[in-house]
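Observations on chain architecture
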Amino acid sequence: MKWSEKYRINTHDCDPTGFVRASLILRYMQETANMQMKHLGPSNEELREQGKAFLLSRINMSLYHPLFAGDEIEAFSWGCESRGVSFNRCYQLRRGGEVIAEAASVWGLVGIEDHKLYKIEDIKFGFDVDEPLELDSPRRVHIPRELNLSLVGERTIVYSDLDGNNHMNNTNYPDMLCDFVPDMVGRRVISLGISFAHEARLGEILKVYMAESDGEYYFRTIRSDGQVNVEAIMMLE
(Lines give C-alpha, C1' and ligand atoms only; values in the text may rest on other atoms or scores of the structure.)
Protein backbone atom coordinates (compact mmCIF):
# COMPACT_ATOMS: atom_id res chain seq x y z
CA MET A 1 0.00 0.00 0.00
CA LYS A 2 1.45 3.34 -1.08
CA TRP A 3 1.08 6.28 1.31
CA SER A 4 1.32 9.83 -0.03
CA GLU A 5 1.84 13.30 1.41
CA LYS A 6 1.93 16.67 -0.35
CA TYR A 7 4.56 19.33 0.36
CA ARG A 8 5.60 22.77 -0.84
CA ILE A 9 9.39 23.05 -1.02
CA ASN A 10 10.81 25.28 1.69
CA THR A 11 13.18 28.09 0.67
CA HIS A 12 15.61 27.06 3.42
CA ASP A 13 15.99 23.59 1.89
CA CYS A 14 17.90 25.00 -1.10
CA ASP A 15 21.61 25.47 -1.73
CA PRO A 16 23.23 28.65 -3.19
CA THR A 17 22.37 27.52 -6.73
CA GLY A 18 18.72 27.08 -5.78
CA PHE A 19 18.74 23.25 -5.88
CA VAL A 20 17.10 21.35 -3.03
CA ARG A 21 19.89 19.47 -1.27
CA ALA A 22 19.93 15.67 -1.28
CA SER A 23 19.55 15.53 2.50
CA LEU A 24 16.28 17.43 2.30
CA ILE A 25 14.93 15.24 -0.49
CA LEU A 26 15.63 12.28 1.76
CA ARG A 27 13.75 13.99 4.60
CA TYR A 28 10.62 14.53 2.50
CA MET A 29 10.72 10.84 1.62
CA GLN A 30 11.20 9.63 5.16
CA GLU A 31 8.62 12.00 6.65
CA THR A 32 6.10 10.40 4.31
CA ALA A 33 7.09 6.97 5.63
CA ASN A 34 6.75 8.29 9.18
CA MET A 35 3.19 9.41 8.40
CA GLN A 36 2.26 5.98 7.10
CA MET A 37 3.62 4.37 10.26
CA LYS A 38 1.89 6.97 12.45
CA HIS A 39 -1.54 6.53 10.87
CA LEU A 40 -1.50 2.79 10.14
CA GLY A 41 0.95 1.52 12.74
CA PRO A 42 3.13 0.74 14.42
CA SER A 43 4.27 4.33 14.93
CA ASN A 44 7.84 5.22 15.82
CA GLU A 45 6.60 6.37 19.22
CA GLU A 46 4.88 3.04 19.88
CA LEU A 47 8.02 1.17 18.93
CA ARG A 48 10.15 3.39 21.17
CA GLU A 49 7.85 2.64 24.11
CA GLN A 50 8.66 -1.03 23.47
CA GLY A 51 12.38 -0.21 23.49
CA LYS A 52 12.71 -0.66 19.72
CA ALA A 53 13.56 1.55 16.76
CA PHE A 54 13.98 1.18 13.02
CA LEU A 55 17.55 1.94 11.95
CA LEU A 56 18.61 2.41 8.35
CA SER A 57 20.98 -0.24 7.01
CA ARG A 58 21.37 0.99 3.44
CA ILE A 59 19.70 3.25 0.91
CA ASN A 60 20.18 4.01 -2.76
CA MET A 61 18.68 7.14 -4.34
CA SER A 62 18.25 8.32 -7.92
CA LEU A 63 17.56 12.06 -8.34
CA TYR A 64 16.38 12.65 -11.91
CA HIS A 65 15.53 16.34 -11.87
CA PRO A 66 16.28 19.30 -9.58
CA LEU A 67 13.71 20.68 -7.17
CA PHE A 68 13.42 24.38 -6.35
CA ALA A 69 11.85 26.57 -3.67
CA GLY A 70 8.09 26.80 -4.04
CA ASP A 71 7.73 23.59 -6.02
CA GLU A 72 4.68 21.57 -5.05
CA ILE A 73 5.43 17.87 -4.80
CA GLU A 74 3.76 14.64 -3.80
CA ALA A 75 5.84 12.07 -1.96
CA PHE A 76 5.02 8.35 -1.88
CA SER A 77 6.38 5.65 0.39
CA TRP A 78 5.54 2.00 0.79
CA GLY A 79 6.77 -1.18 2.41
CA CYS A 80 7.92 -4.02 0.15
CA GLU A 81 8.11 -7.76 0.67
CA SER A 82 10.55 -8.40 3.51
CA ARG A 83 11.91 -11.34 5.46
CA GLY A 84 14.29 -12.13 8.26
CA VAL A 85 15.58 -9.01 10.00
CA SER A 86 15.48 -6.73 6.93
CA PHE A 87 12.53 -4.43 6.21
CA ASN A 88 12.42 -3.06 2.65
CA ARG A 89 10.86 0.32 1.92
CA CYS A 90 10.68 2.42 -1.26
CA TYR A 91 10.04 6.09 -1.99
CA GLN A 92 9.12 8.31 -4.91
CA LEU A 93 8.77 12.08 -5.36
CA ARG A 94 6.63 13.59 -8.12
CA ARG A 95 6.15 17.16 -9.34
CA GLY A 96 2.91 17.07 -11.26
CA GLY A 97 3.17 13.98 -13.44
CA GLU A 98 6.98 14.06 -13.45
CA VAL A 99 8.98 11.62 -11.31
CA ILE A 100 11.70 13.69 -9.62
CA ALA A 101 13.44 11.18 -7.37
CA GLU A 102 13.23 7.57 -6.21
CA ALA A 103 14.88 5.56 -3.48
CA ALA A 104 14.98 2.03 -2.11
CA SER A 105 16.04 1.28 1.46
CA VAL A 106 16.63 -1.55 3.90
CA TRP A 107 15.93 -1.11 7.62
CA GLY A 108 16.44 -3.19 10.74
CA LEU A 109 14.27 -3.16 13.87
CA VAL A 110 16.74 -2.89 16.74
CA GLY A 111 16.55 -2.92 20.51
CA ILE A 112 17.50 0.58 21.66
CA GLU A 113 19.46 -0.63 24.69
CA ASP A 114 20.70 -4.10 23.71
CA HIS A 115 20.88 -3.63 19.90
CA LYS A 116 19.04 -6.92 19.43
CA LEU A 117 17.69 -7.43 15.89
CA TYR A 118 14.01 -8.37 15.64
CA LYS A 119 12.46 -10.41 12.86
CA ILE A 120 10.15 -8.53 10.54
CA GLU A 121 7.75 -11.49 10.60
CA ASP A 122 7.13 -10.79 14.29
CA ILE A 123 5.85 -7.25 13.64
CA LYS A 124 2.19 -6.59 12.85
CA PHE A 125 2.03 -3.76 10.32
CA GLY A 126 -1.19 -1.90 9.59
CA PHE A 127 -0.55 -1.82 5.83
CA ASP A 128 0.08 -4.22 2.98
CA VAL A 129 3.27 -4.36 0.94
CA ASP A 130 3.66 -3.18 -2.65
CA GLU A 131 6.08 -3.85 -5.50
CA PRO A 132 9.71 -2.69 -5.04
CA LEU A 133 11.37 -0.16 -7.31
CA GLU A 134 14.10 -1.20 -9.73
CA LEU A 135 16.67 1.62 -9.74
CA ASP A 136 19.71 2.22 -11.93
CA SER A 137 21.91 2.92 -8.91
CA PRO A 138 23.54 -0.15 -7.29
CA ARG A 139 21.70 -1.75 -4.38
CA ARG A 140 24.88 -2.15 -2.34
CA VAL A 141 27.88 0.12 -1.87
CA HIS A 142 31.04 -1.46 -3.21
CA ILE A 143 34.32 0.44 -2.95
CA PRO A 144 36.94 -1.20 -5.23
CA ARG A 145 39.89 -2.53 -3.27
CA GLU A 146 42.37 -0.91 -5.63
CA LEU A 147 40.88 2.53 -5.02
CA ASN A 148 43.05 4.63 -2.72
CA LEU A 149 40.83 6.68 -0.42
CA SER A 150 42.56 9.70 1.11
CA LEU A 151 41.79 11.43 4.38
CA VAL A 152 40.02 14.68 3.46
CA GLY A 153 39.00 15.88 6.91
CA GLU A 154 37.17 15.24 10.14
CA ARG A 155 33.59 15.80 11.20
CA THR A 156 32.46 16.16 14.83
CA ILE A 157 28.91 15.04 15.62
CA VAL A 158 27.05 17.92 17.27
CA TYR A 159 23.63 18.55 18.80
CA SER A 160 21.99 19.56 15.51
CA ASP A 161 22.90 16.17 13.98
CA LEU A 162 20.99 14.13 16.57
CA ASP A 163 17.59 12.49 16.32
CA GLY A 164 15.27 10.65 18.72
CA ASN A 165 17.64 7.70 18.78
CA ASN A 166 20.39 10.00 20.11
CA HIS A 167 22.75 9.56 17.18
CA MET A 168 23.35 11.31 13.86
CA ASN A 169 20.19 11.06 11.78
CA ASN A 170 20.63 9.27 8.47
CA THR A 171 19.20 12.22 6.52
CA ASN A 172 22.15 14.38 7.59
CA TYR A 173 24.73 12.17 5.88
CA PRO A 174 24.26 13.42 2.28
CA ASP A 175 24.92 17.00 3.44
CA MET A 176 27.98 15.87 5.41
CA LEU A 177 29.44 14.04 2.42
CA CYS A 178 28.75 16.94 0.04
CA ASP A 179 30.67 19.23 2.41
CA PHE A 180 33.87 17.39 1.40
CA VAL A 181 33.33 17.55 -2.38
CA PRO A 182 35.44 20.29 -4.05
CA ASP A 183 33.45 22.92 -5.98
CA MET A 184 30.11 21.51 -4.84
CA VAL A 185 28.29 24.81 -5.44
CA GLY A 186 26.66 24.71 -8.87
CA ARG A 187 26.48 20.93 -8.93
CA ARG A 188 23.84 18.55 -7.63
CA VAL A 189 23.65 14.93 -6.53
CA ILE A 190 22.05 12.66 -9.16
CA SER A 191 22.61 9.32 -7.42
CA LEU A 192 23.70 8.29 -3.96
CA GLY A 193 24.15 4.99 -2.18
CA ILE A 194 24.96 4.78 1.53
CA SER A 195 25.61 1.72 3.68
CA PHE A 196 25.40 2.29 7.43
CA ALA A 197 27.66 0.15 9.63
CA HIS A 198 27.95 1.80 13.08
CA GLU A 199 26.15 4.82 14.51
CA ALA A 200 27.79 8.15 15.33
CA ARG A 201 26.83 9.70 18.67
CA LEU A 202 27.23 13.16 20.16
CA GLY A 203 30.89 14.20 20.37
CA GLU A 204 32.12 11.47 18.03
CA ILE A 205 34.86 12.64 15.65
CA LEU A 206 34.60 10.95 12.29
CA LYS A 207 37.56 10.72 9.93
CA VAL A 208 36.33 11.19 6.36
CA TYR A 209 38.10 9.39 3.51
CA MET A 210 37.28 10.07 -0.15
CA ALA A 211 38.37 9.24 -3.69
CA GLU A 212 37.06 10.23 -7.12
CA SER A 213 37.08 7.81 -10.04
CA ASP A 214 35.34 8.15 -13.42
CA GLY A 215 33.01 10.83 -12.08
CA GLU A 216 32.00 8.90 -8.99
CA TYR A 217 32.90 9.94 -5.44
CA TYR A 218 33.61 7.18 -2.93
CA PHE A 219 33.48 7.79 0.82
CA ARG A 220 34.29 5.93 4.00
CA THR A 221 33.88 7.48 7.46
CA ILE A 222 35.68 5.98 10.45
CA ARG A 223 34.82 6.42 14.13
CA SER A 224 37.45 7.13 16.77
CA ASP A 225 37.36 3.44 17.81
CA GLY A 226 38.36 2.40 14.29
CA GLN A 227 34.90 1.11 13.33
CA VAL A 228 33.44 2.02 9.94
CA ASN A 229 30.56 4.46 10.29
CA VAL A 230 29.31 4.60 6.68
CA GLU A 231 30.45 3.86 3.14
CA ALA A 232 28.96 5.74 0.21
CA ILE A 233 29.06 6.29 -3.55
CA MET A 234 27.87 9.59 -5.03
CA MET A 235 27.43 10.88 -8.58
CA LEU A 236 27.05 14.56 -9.46
CA GLU A 237 26.18 16.67 -12.45
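**Structural notes on the overall build of the chain**
In terms of regular secondary structure, the chain is built from three helices and 11 strands. Going from the N terminus to the C terminus, the chain shows its helices and strands as β-α-α-β-β-β-β-β-β-α-β-β-β-β. In summary, the chain has a C-alpha radius of gyration of 17 Å against a globular reference of 18 Å for 237 residues, a match within 12%. Based on the C-alpha atoms only, the size of the chain along its principal axes is roughly 45 × 45 × 35 Å. Scored against the burial criterion, the 237 residues of the chain give a buried share of 52%. Taking the contacts inside the chain whose residues are at least 6 apart along the sequence as the reference set, 71% of them involve residues at least 24 apart. Carbon together with sulfur atoms contributes 47% to the accessible area of the chain, which is approximately 12,000 Å² in total. Distance between charge centroids for the chain: 3 Å, based on 26 positive and 37 negative side chains.

**Considering the pairing of strand β8 (residues 189-196)**
The buried fraction of β8 amounts to seven of the eight residues, a majority that puts the element mostly inside the structure. Bridge count for strand β2 (residues 52-63) against β8 is five bridges, and the pairing is antiparallel. Each bridged residue has a counterpart across the sheet, and for Asn 60 the counterpart in β8 is Gly 193. Sheet topology note: the β8/strand β11 (residues 228-236) ladder contains seven bridges and is antiparallel. The partner of Val 189 across the bridge, within β11, is Leu 236.

**Some thoughts on the layout of surface pockets**
If you add up the space inside the second largest pocket, you get close to 260 Å³. Elements supplying a minimum of two residues to the lining of the second largest pocket: α1 (22-40) and α3 (173-178). Residue composition of the lining of the second largest pocket, grouped by class: 12 nonpolar, two polar and six charged.

**Re the packing of aromatic side chains**
For the structure on display, the rule yields seven aromatic pairs. Between Phe 54 and Phe 87 the ring centres are 5.5 Å apart and the planes differ by 40 degrees, which places this aromatic pair in the tilted class. Within this pair, whereas Phe 54 is found in strand β2, its partner Phe 87 is found in strand β4 (residues 86-95), the two being separated by 33 residues in sequence. Neither Phe 54 nor Phe 87 differs from the other in exposure class; each is buried.

**A short note on the environment of Pro 16**
Relative to the helices and strands, Pro 16 resides in the loop between β1 (3-8) and α1. Using a relative accessible area of 73% as the deciding quantity, one classes Pro 16 as exposed.

**Structural notes on the state of the cysteines**
Summed over the entire model, instances satisfying the criterion amount to zero disulfides. Cys 14 carries a free sulfur, and the closest cysteine sulfur to it, the one in Cys 178, is 14 Å from it. Residue Cys 14 is classed as buried on the basis of its relative accessible area, which comes to 17%. No disulfide involves Cys 80; its nearest neighbouring cysteine sulfur is the one of Cys 90, lying 3.5 Å away. Judged by its relative accessible area of 3%, Cys 80 is buried.

**Topic: the pattern of salt bridges**
All chains considered together, the criterion is met by 12 salt bridges. A salt bridge links Glu 98 to Arg 95; the shortest N-O distance between them is 3.0 Å. A relative accessible area of 31% places Glu 98 in the partly exposed class. A single network of salt bridges, built from pairs that share partners, joins Asp 71, Arg 95 and Glu 98.

Basis of the calculations
- Residues numbered from 1 in each chain as written.
- Predicted model: local features only at pLDDT ≥ 70, side-chain atom pairs only at ≥ 80, totals over all residues.
- Heavy atoms only, no water.
- Helix = DSSP H or I, 4+ residues; strand = E, 2+ residues; numbered from the N terminus.
- Rg over C-alpha atoms; globule rule 2.2 N^0.38 Å.
- Buried < 20%, exposed > 50% of the residue type's maximum accessible area, 1.4 Å probe, protein only.
- Contact = heavy atoms within 4.5 Å.
- Areas by Shrake-Rupley, 256 points an atom, 1.4 Å probe, with all protein chains shown as cover.
- Lys, Arg positive; Asp, Glu negative; His and termini not counted.
- Charge placed at Lys NZ, Arg CZ, Asp CG, Glu CD.
- Pairing = 2+ DSSP bridges.
- 1 Å grid on protein atoms, 1.4 Å probe; cavity = no way out; pocket = protein on both sides within 12 Å on 5 of 7 lines; lining within 4 Å.
- Points joined across faces, edges and corners; volume = space filled by probe spheres on them.
- Nonpolar A, V, L, I, M, F, W, Y, C, P; charged D, E, K, R; others polar.
- Phe/Tyr/Trp six-rings, centres within 6.5 Å; stacked < 30°, edge-to-face > 60°.
- Disulfide = S-S within 2.5 Å.
- Salt bridge = Lys/Arg side-chain N within 4 Å of Asp/Glu carboxyl O.

Don't take any of this as a statement about function, it's just geometry.
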